[in-house]
Amino acid sequence: MHPNANASGYYRFALPGDDLDALVTRGYAQLNARERLALANNVRSMVSAGTADVRDVMTLLPRFAGDAERLVALEPMGLVSHVVDDLADARYRSEARAWAGSLYAPRFARLGWTARRNEHGDERLLRRDLASFMTRIARDRAALTRASELGHAYLARGTGRAPRDGQLHPEAVEPELH
């Protein structure tokens, strides 16, 4: 049972570890999108408030990151960024980045860098956010390489099929990625 049914209350909630785990693992399929977003948001808040240990909630984050609803899928990004940039010891930062990338790489691979015909606006926005996350936080090598190629095409620096004409070519890159 969700402590904020239909996410209609304007309040935060915290759950004991076992209850939180049960809601995310066994009760998740019964939650609507608003409840899933409220749950993901409250998990982040629980960590910020110190009522949940980040190590305990890390196993729950793939469930949120893989959610079909864009806003739910994006909610863990702030906490994951905090883990990578602030909590991970410098010696383990590359492993933390790989873990962060593993949360979103499958979804980003399915979306790709190019919009499909009649694609929903949420998918376009998700692509933008995933591209940013995969390059800035995960520093995924394949994403960085493709972003560099698209940047060169946009700036017309003559790499690949891009002309070397000194003009900007915004059509070379999806508008959401500019």
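Here's a quick rundown of the structure. No experiment lies behind these values; they were computed from the predicted model shown.

Positionally, asparagine 42 belongs in helix α2 (residues 33–49). Owing to a relative accessible area of 3%, asparagine 42 belongs among the buried residues under this scheme. Leaving out residues up to four positions away in the same chain, asparagine 42 has contacts with Arg12 and Phe13.

What follows covers helix α9 (residues 141–155). Look at α9: 21 Å from first C-alpha to last across 15 residues, which is about the 21 Å you get at 1.5 Å a residue. Every buried residue belonging to α9 is among Ala143, Leu150 and Ala153, and all of these are buried. Taken end-on, α9 shows its buried residues confined to a sector of 90 degrees, consistent with a single buried face. The opening residue of α9, the one whose side-chain oxygen lies 3.3 Å from the backbone nitrogen of alanine 142, is aspartate 140. Following α9 by one or two positions, alanine 156 adopts a phi angle in the positive range, close to 55 degrees.

Moving on, we come to the pattern of salt bridges. Pairing of side chains with opposite charge becomes possible as their charged atoms draw close. In this structure the tally under the stated criterion is twelve salt bridges. One salt bridge connects glutamate 149 with arginine 146, and the closest N-O pair in it is separated by 3.1 Å. Of the two residues, glutamate 149 and arginine 146 are both situated in helix α9; the distance of three residues between them amounts to about one turn of the helix. Judged by its relative accessible area of 30%, arginine 146 is partly exposed. Bridged by salt links that share partners, the residues Arg70, Asp122, Arg128 and Asp129 form one connected network.

Looking now at the packing of aromatic side chains. Within the structure shown, the criterion is met by three aromatic pairs. Ring centres of phenylalanine 108 and tryptophan 113 lie 5.0 Å apart, and the angle between their planes is 70 degrees; this geometry places the pair in the edge-to-face category.

Tracing the sequence through the fold places arginine 34 in helix α2. Judged by its relative accessible area of 48%, arginine 34 falls in the partly exposed class. Taking C-alpha positions, arginine 34 is 9.5 Å from leucine 71, a pair spaced 37 residues apart along the chain.

Counting through the fold element by element, aspartate 129 comes out in helix α8 (residues 121–136). Exposure remark for aspartate 129: the relative accessible area of 17% places this residue in the buried category. With sequence-adjacent residues up to four places away left out, aspartate 129 is seen in contact with Arg70, Leu74 and Met77.

With 19 residues, helix α7 (residues 93–111) should cover 27 Å at 1.5 Å per step; its first-to-last C-alpha distance of 27 Å lies within 8% of that length. The largest bend in α7 amounts to roughly 45 degrees and is located at tyrosine 104, with the proline proline 106 lying one to four residues further along. All of the buried residues along α7 are Ala96, Arg97, Ala100, Gly101, Leu103, Tyr104, Arg107, Phe108 and Leu111. Residues of α7 that are buried sit in contact with α4 (61–65), α5 (70–74), α6 (76–87), α8 and α9.

Calculation notes
Residues numbered from 1 in each chain as written. Predicted model: local features only at pLDDT ≥ 70, side-chain atom pairs only at ≥ 80, totals over all residues. Heavy atoms only, no water. Helix = DSSP H or I, 4+ residues; strand = E, 2+ residues; numbered from the N terminus. Buried < 20%, exposed > 50% of the residue type's maximum accessible area, 1.4 Å probe, protein only. Contact = heavy atoms within 4.5 Å. Expected span 1.5 Å × (residues − 1). Arc of directions from axis to C-beta. Polar contact = N/O pair within 3.5 Å; in protein donor to acceptor, adjacent residues only side chain to side chain. Salt bridge = Lys/Arg side-chain N within 4 Å of Asp/Glu carboxyl O. Phe/Tyr/Trp six-rings, centres within 6.5 Å; stacked < 30°, edge-to-face > 60°. Bend = angle between axes of the 7 residues up to and from the residue.

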